[in-house]
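# Architecture at a glance
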Amino acid sequence: MPAVLTAVSSTAPGDMQLVRRALARDGDAFRTIIKTHNQRLYRIARGVVRNDSEAEDIVQEAYVRAFAHLDAFRGDSSLATWLSRIVINEALGRLRKRRRTVALPENPQAEIIRFPLNPSDDPERTMAQRQILQLVEQATDSLPDVYRTVFVARVIEGLSIEETADLLGVRPQTVKTRLHRARALVRKALDDQIGPVLLDAFPFAGRRCERLTSAVMRRLGLES
């Protein structure tokens, strides 16, 4: 298992209690952990591999790995950080393996994740939201790997500089430098249409969240 246990952030309230319940094979505890962290972990994975289905597979594998070593969680970091580092290690490993087996095209066509539209919205506003979010996702996908992971962690997921540095195993100054470059590249691509819409990019909720949760629970033998 990758070294993912040391972090600077403190344990969130309730983390250790959830972990203790999960170690006792409490199915509700596993389900709570999965549903609480699904969206962040999915966004991080997708930010690395730029593919919907592969990101889901990465998150599922990361959960299974994490739960197999849950007794190693000591609360030195938050559970979110601990899980995020497992996911990013899994995702980066997949990326390295992919590059060893196939030559990646210079501009791979990424799969666009559709914005969950509100049926009460007027058609023009709905279309504008969809178009802006597609631009955000395309601009993010087009970033070089070294910038994209920082951008996803800091801008889309809202992690602090210190949390991002800890997650990626780099110095805070490196995070600042890479983020500055990433923002410049995205800003150029979007012509300054970047901002609050980022919080809704790369959604992972509803049926997709429930599907992944059920898959992990089945693999743990806690759901038929």
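Residues numbered from 1 in each chain as written. Predicted model: local features only at pLDDT ≥ 70, side-chain atom pairs only at ≥ 80, totals over all residues. Heavy atoms only, no water.

## A closer look at the packing of helix α1 (residues 15-23) against helix α2 (residues 27-49)
The interhelical angle for the contact between α1 and α2, taken along N-to-C directions, is 130°, at an axis separation of 7 Å. Taken together, α1 and α2 sit at an angle that is classed as oblique. Our pair here, α1 against α2, has a crossing hand that is left-handed. Only Asp28, Ala29, Phe30, Thr32 and Ile33 of α2 make contact with α1, whose side of the interface consists of Leu18, Arg21 and Ala22. The class makeup of the residues in the contact of α1 with α2 is 5 nonpolar, 1 polar and 2 charged. (Axes fitted to C-alpha atoms, helices over the stretch in contact; angles between N-to-C directions. Helix = DSSP H or I, 4+ residues; strand = E, 2+ residues; numbered from the N terminus. Parallel < 35°, antiparallel > 145°, perpendicular 65-115°, else oblique. Left-handed = near helix turned anticlockwise from the far one by under 90°. Contact = heavy atoms within 4.5 Å. Nonpolar A, V, L, I, M, F, W, Y, C, P; charged D, E, K, R; others polar.)

## Observations regarding the pattern of salt bridges
Across all of its chains, the model carries 12 salt bridges by this definition. Linking arginine 21 and aspartate 26 is a salt bridge whose minimum nitrogen-to-oxygen distance equals 3.1 Å. Taking relative accessible area as the criterion, aspartate 26 reaches 25% and is therefore assigned partly exposed. Across the pair glutamate 56 and arginine 211 runs a salt bridge whose closest N-O atoms are separated by 2.7 Å. Residue glutamate 56 is located in helix α3 (residues 52-68), and its partner arginine 211 is located in helix α9 (residues 206-219); the two are separated by 155 residues in the primary sequence. Counted as one network, the salt bridges with shared partners bring together Asp57, Arg65, Glu90 and Arg94. (Salt bridge = Lys/Arg side-chain N within 4 Å of Asp/Glu carboxyl O. Buried < 20%, exposed > 50% of the residue type's maximum accessible area, 1.4 Å probe, protein only.)

## Description of the packing of α2 against helix α6 (residues 145-156)
Packing of α2 against α6 leaves a shortest axis separation of 8 Å and a crossing angle of 155°. Looking at the two axes, α2 sits roughly antiparallel to α6. Crossing of α2 over α6 shows right-handed handedness. For the pair α2 and α6, the contacting residues are Arg43, Ile44, Gly47 and Val48 in the first and Arg148, Thr149, Val152 and Ile156 in the second. Its residues assigned to classes, the contact of α2 with α6 shows 4 nonpolar, 2 polar and 2 charged.

## Some words on the packing of aromatic side chains
To describe a pair of aromatic rings, you give the distance between the ring centres and the angle between the ring planes. Following the criterion strictly, the structure yields 3 aromatic pairs and no others. Geometrically, the ring pair formed by phenylalanine 30 and phenylalanine 67 is edge-to-face, given 4.8 Å between the ring centres and 80° between the ring planes. Here phenylalanine 30, found in helix α2, pairs with phenylalanine 67, found in helix α3; they are 37 residues apart in sequence, far enough to count as distant. A connected cluster of aromatic rings, assembled from ring pairs, spans Phe30, Tyr63 and Phe67. (Phe/Tyr/Trp six-rings, centres within 6.5 Å; stacked < 30°, edge-to-face > 60°.)

## Focus: the environment of proline 144
Relative to the assigned elements, proline 144 resides in the loop between α5 (123-141) and α6. The exposure class of proline 144 is partly exposed, given its relative accessible area of 39%. Spatially, the C-alpha atoms of proline 144 and leucine 185 are 9.7 Å apart, while their sequence positions differ by 41 residues.

## A look at the nonpolar core
Ranked by internal contacts, the top residues of the largest apolar core, which has 37 residues, are Tyr63, Phe67, Trp82 and Leu83. Within the residue set of this core, elements represented by two or more residues are α1, α2, α3, α4 (79-101) and α9. A total of 10 residues in this core trace back to one element, the largest contributor, which is α2. (Core = buried A, V, L, I, M, F, W, Y, C linked by side-chain atoms within 4.5 Å.)

## Quick word on α9
The first and last C-alpha atoms of α9 sit 20 Å apart over 14 residues, in line with the 20 Å expected at 1.5 Å per residue. Among the residues of α9, Cys209, Leu212, Thr213, Ser214, Ala215, Val216 and Met217 are the ones counted as buried. Among the structural elements, α2 and α3 are those in contact with the buried residues of α9. Downstream of α9 by a residue or two, glycine 221 has a phi angle that is positive, lying close to 75°. (Expected span 1.5 Å × (residues − 1).)

## Some points on the confidence of the model for the protein
Scored by pLDDT, the protein comes out at a mean of 76, with 71% of its residues at no less than 70. This stretch, residues 1-10, has a pLDDT under 50; its non-local contacts, to residues over four places away or in other chains, come to 34 contacts. Low pLDDT (under 50) marks residues 102-121, which in the prediction has 34 contacts with non-local residues, meaning those over four places away or in another chain. (pLDDT = per-residue confidence, 0-100.)

## Concerning unusual backbone geometry
The backbone of arginine 25 sits at a positive phi, close to 65°, despite the residue not being glycine. Tracing the chain through its elements places arginine 25 in the loop between α1 and α2. A relative accessible area of 46% means that arginine 25 is categorised as partly exposed. Positioned with a positive phi, arginine 50 is a non-glycine residue whose angle comes to about 60°. If you trace the backbone, arginine 50 turns up in the loop between α2 and α3. The exposure class assigned to arginine 50 is buried, which follows from its relative accessible area of 17%.

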